[in-house]
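# Observations on the three-dimensional arrangement
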Amino acid sequence: MGNAKEKALEIIRAYDGPHIRMMEVCGTHTHELFRLGVRKILPPQVELISGPGCPVCVTGPGFIDEAVWLALEKGAAICTFGDLVRVPGSEDSLASARAKGAKVKVVYSPPDAADYAADHPDEEVVFLSVGFETTTPSSCVALKSAQESGLKNFSLLVSNKTMPQAYKMLKGSADIFLYPGHVNAIAGNEVCKSLVSQGVSGVVTGFTAAEILTAIAISLKKYGEGKPFFVNAYPRVVKDEGNPQAQAIVDKYMEACDSEWRGLGLIPGSGMKLRDEYAAFDARKKFQVPPMKGRTNPACRCGDVLQGRCRPVDCPLFGKACTPLKPVGACMVSGEGACSAYYQYNE
Amino acid sequence: MNDRVTLAHGAGGRQTAELIDKVFKAHFSNPQFTSDDAAVLQMQSGKLAFTTDGFIVSPPFFPGGNIGKLSICGTVNDLSCMGAKPLYLSCAFVIEEGFEMAKLEEIAAAMEETAAKAGVRIVAGDTKVAGKGQVDQLFITTTGIGQIQEGMDTSGAYAKPGDKVIVSGDIGRHGCTILLARDEFGIDADVTSDCAPLWANVKAMMDVTNDIHVIRDATRGGVGTVLYEIAEQSQVGIRLDTQSIPVQDGVKGVCGMLGLEPLYLACEGRLVIFALADKADALVEALRGCENSENAAIIGEVTSDLPGHVILRTEIGAQTMLSRPTGELLPRIC
Amino acid sequence: MCVGLPARVMKIDGGRAVVDASGAQKEISSELLSDLEPGDYVMVHAGIAIAKIGSDDMSESDQILDSLL
């Protein structure tokens, strides 16, 4: 009991194989890797790259512009995860819009936003629905309860994303992927397994020190064997089939669409939108939100950072125009963003 | 008397006098409480510490205290951290029109009770009433004078490599309590504010030794913010052992749910102390013998490398920087 | 991308459950998992129980390492 951490550390420290690039796809993994100081104990030939799995980081400025527009032009009460509050839009973030009078309420979950709408019938409540496979079912649960209770003042501004197309795009960016445990808890392991036949190796893992180190140790061992592999190192949470009820509710309310990822560009079929029959809950349709592309600072290299093409310190804005207190790009906003993590932890 | 505060209570006339007599004088009963324009105080020779602090807290009543208790603790603790015995306080109230008189009395009673506990006298005060919506219920500002005790000389600039870092109890309870009391996230936990006056605790440490380099009270920015301030002021590095930082279970649970760092949650009754390594155990012992610091612990040490930084020794034995706070605490899902 | 919190089910009523994590309690949605009972452990994300888990302990990593190496 409890010695997985030590055993895994031993394996990692003893690694004397070739240079290996591992990408942690999930932002929460990035956060934990920095918090635990995992990079500090890795042998020099093991490189960890932070991938695009932070919904805040890949959400473009256009989405923030839409939310700010809804708040300031339509007087909507914006309910959001705390993560999004400081993300820069083209002009304003939600935080700076709040200073101009926008109503921005931080909630713990989408159902809490629906409850808020029920308690405030005189407000038009818009929930900012972001996140990957793990988070999307929660938006759908909120939508279902809003629909069932006949809520008329609740809608979603949807920018949910899915990982499979992104994995394919990132294929060459790393030798091994640390897959996000909680995405697979919902979506299952099918996609990751099928990637093995395309030569993509990976381990799905959890978020404790023991789980993360175990996944890295397994990766190093298996890499030496030379064959592509997939290992579920998180079976206490991740089942092969995922969570079918969660998949079903998402399928009922949402369908796939193309989606713009900050830094990665448009990835066909990588986004989610509400199905037409739920237009009454779609904030874009309900308020006729005009199309917004959003503008980013052209010098910002968040996109390259997200694909592992450059390190945060290689960006000309890093630590100068762009700091956690005054972020230019999204990677500096979220505590789990690669730039913020580099800055905070003085990497 | 009305059961709510009205603008007339702040107009300086008969009703103002009534409010002062019935609420403030009734509670703050001591010979020095002034009826004149200023209190007259007899001072001893030596050095005085003098400080002021404004208090805004929503909600004003919370498990473990209220804004009145808080306003006394804050100023008493600021004085105590300088090795000064708190002597006299003044308090200024800005009250929102319509505030319940019974609540005001409850706040005044808490102030007097806390002041008595800390051995300090409230000697002067002021009351203003602001129109509905111009302030959030009530704001209190307290100002205090204390006598710096013989041989005490502490400052955030005095931390030295080799010093041990002590906290006087489990961290983050006040911030956590307020977060729960606002009921924005629908979370319940058995957490009460750590709000407490700490002069007796400082006194107990002084009975061990006067040679204490730094004493700070961790307030709104939490212990993490205080540590960064000291690391910068003293130009030293601070290395913490994450496993030894005391955090109550309920606080851990709330932080886990919302993705918050306990080191950045507010405390209102916790001291951060830097002292020579060979005195640290005795200081912790002395603190553990006092009310409100039973869970005191050594959480780290001062280093000469990485001046200005707070370093964490993590559970896997690596060292990493404590991330700096970036303004308001926001719960995260990722 | 997804902070998850292991928590113990305290009460269950329809599609709602009260869970406890280290002394913090919160009502969440349990409608995406069938057959939950008080005493079960679940992984919670954004107000939803997303997976039933054996327990909240970490002994699993030991077994995985042993079985693979």
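Definitions and cut-offs
- Residues numbered from 1 in each chain as written.
- Chains lettered and ligands numbered in written order.
- Predicted model: local features only at pLDDT ≥ 70, side-chain atom pairs only at ≥ 80, totals over all residues.
- Domains from an automatic or database assignment.
- Contact = placed C-beta atoms within 7 Å.
- Helix = DSSP H or I, 4+ residues; strand = E, 2+ residues; numbered from the N terminus.
- Nonpolar A, V, L, I, M, F, W, Y, C, P; charged D, E, K, R; others polar.
- Axes fitted to C-alpha atoms, helices over the stretch in contact; angles between N-to-C directions.
- Parallel < 35°, antiparallel > 145°, perpendicular 65-115°, else oblique.
- Left-handed = near helix turned anticlockwise from the far one by under 90°.
- Pairing = 2+ DSSP bridges.
- Core = buried A, V, L, I, M, F, W, Y, C linked by C-beta atoms within 7 Å.
- Buried ≥ 20, exposed ≤ 12 C-beta atoms within 10 Å, placed from the backbone.

### Some thoughts on the domain arrangement of chain A
Residue and element names in this part refer to chain A. Partitioning chain A into domains gives domain 1 (4-51 + 173-232), domain 2 (57-162 + 242-286) and domain 3 (302-344). Each partner contributes residues to the interface: domain 1 has 8 residues there, and domain 2 has 9 residues. No other element matches the 6 residues that helix H10 (residues 181-187) contributes to the side of domain 1 that touches domain 2. Looking at the side of domain 1 that touches domain 2, its residues break down into 4 nonpolar, 4 polar and no charged.

### Thoughts on the packing of helix H7 (residues 110-119) of chain A against helix H8 (residues 136-148) of chain A
Residues and elements named next belong to chain A. Two elements in contact, H7 and H8, have axes separated by 7 Å at closest approach and are oriented at 25 degrees. Classified by the interaxial angle, the pair formed by H7 and H8 is roughly parallel. When you trace H7 past H8, the crossing you get is right-handed. Between H7 and H8, the contacting residues are Pro-110, Pro-111, Ala-113, Ala-114 and Ala-117 on the first element and Ser-138, Ser-139, Val-141, Ala-142, Ser-145 and Ala-146 on the second. Across the contact of H7 with H8, the residue classes break down as 8 nonpolar, 3 polar and no charged.

### Remarks on the sheet that holds strand E6 (residues 138-148) of chain B
Residues and elements named next belong to chain B. Strand order in the open sheet made by the 4 strands is E1-E6-E4-E5, with mixed pairing throughout. What marks the edges here is a single partner per strand, and that holds for strand E1 (48-55) and strand E5 (121-130). Going from strand to strand, the sheet's axes swing by 15 degrees on average, the running direction of each strand aside. With 11 bridges connecting them, strand E4 (residues 84-96) and E6 associate as antiparallel partners.

### Remarks on the nonpolar core
Membership of the largest hydrophobic core comes to 249 residues, with the highest contact counts inside it found for A:Ala67, A:Ile78, A:Leu94, A:Leu213, B:Val254, B:Ile273 and C:Val42. For this core, the element with the highest residue contribution is helix H12 (residues 209-225) of chain A, accounting for 10 residues. Contact partners of A:Ile78, with chain neighbours within four places excluded, come to A:Ala67, A:Leu70, A:Ala71, A:Leu94, A:Ala102, A:Lys103, A:Val104, A:Lys105, A:Val126 and A:Leu128.

### Description of the interface of chain C and chain A
Contacts between the two partners involve 26 residues from chain C, matched on the other side by 45 residues from chain A. Of all the elements in the fold, those that place two or more residues in the side of chain C that touches chain A are strand E4 (41-45), strand E5 (48-53) and helix H1 (60-68) of chain C. At 6 residues, H1(C) tops the list of elements feeding residues into the side of chain C that touches chain A. The class makeup of the residues in the side of chain C that touches chain A is 16 nonpolar, 7 polar and 3 charged.

### What to know about the interface of chain B and chain C
Each partner contributes to the interface: chain B provides 16 residues, whereas chain C provides 12 residues. Taken together, the elements giving at least two residues each to the side of chain B that touches chain C come down to strand E8 (187-189) and helix H7 (249-258) of chain B. The element that contributes the greatest number of residues to the side of chain B that touches chain C is H7(B), accounting for 7 residues. The class makeup of the residues in the side of chain B that touches chain C is 6 nonpolar, 5 polar and 5 charged. Two elements, E8(B) and strand E3 (residues 24-29) of chain C, share 3 bridges in a ladder whose sense is antiparallel. Looking across to E3(C), one finds that B:Asp188 is bridged to C:Gln25.

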